[in-house]
Amino acid sequence: MKIAFIEPEIGFKPYNALGTFPLGILYNATTVKKERPEHEVLCFDEDSRPIFQDGNIIEPYLLEADAIGISTKTATAPRAYAIADELRKITGKTYYDII
């Protein structure tokens, strides 16, 4: 099974002036790999590298993933919802595949 975790970009840049680390998705990915080593898991941090360009997914792994988890907090909630909507539209996945 292919699993992807996404940390959305923070729209309010002064909040992220010193930089943050996507510890939540890294913890989840590590836990999955420890408990289910047969699964392939990748993490994507939008503050480091975008996953969309001109409305297209530029990370092919997201098209192949069986499940996608999107981390969020108040500052990233609008972006997290937008990512989920775009991924559902492009991939045809359901709410239960992208959470």
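Summary of the structure given here. (Residues numbered from 1 in each chain as written. Predicted model: local features only at pLDDT ≥ 70, side-chain atom pairs only at ≥ 80, totals over all residues. Heavy atoms only, no water.)

A look at the nonpolar core
Ranked by size, the top nonpolar core spans 15 residues in total, and within it Ile 6, Leu 62, Ile 68 and Leu 87 carry the most contacts. The set of elements that each furnish at least two residues to this core consists of β1 (2-7), α2 (60-64), β5 (67-70) and α3 (77-91). Sorting elements by how many residues they give to this core places α3 first, with four residues. (Core = buried A, V, L, I, M, F, W, Y, C linked by side-chain atoms within 4.5 Å. Buried < 20%, exposed > 50% of the residue type's maximum accessible area, 1.4 Å probe, protein only. Helix = DSSP H or I, 4+ residues; strand = E, 2+ residues; numbered from the N terminus.)

Brief notes about the sheet that holds strand β2 (residues 40-45)
Reading across the sheet, the three strands line up as β2-β1-β5 and stay open at both edges, with parallel pairing between neighbours. The strands lining the two open edges of the sheet, one partner per strand, are β2 and β5. On average, adjacent strands in this sheet sit at an angle of 15° to one another, irrespective of strand direction. Sheet analysis places β1 next to β5, joined by four bridges and oriented parallel. Residue pairing in the sheet places Ile 3 in a bridge with Ala 67 of β5. Lying on the sheet, α3 is in contact with β1 and β5; it crosses β5 at an angle near 165°. (Pairing = 2+ DSSP bridges. Axes fitted to C-alpha atoms, helices over the stretch in contact; angles between N-to-C directions. Contact = heavy atoms within 4.5 Å.)

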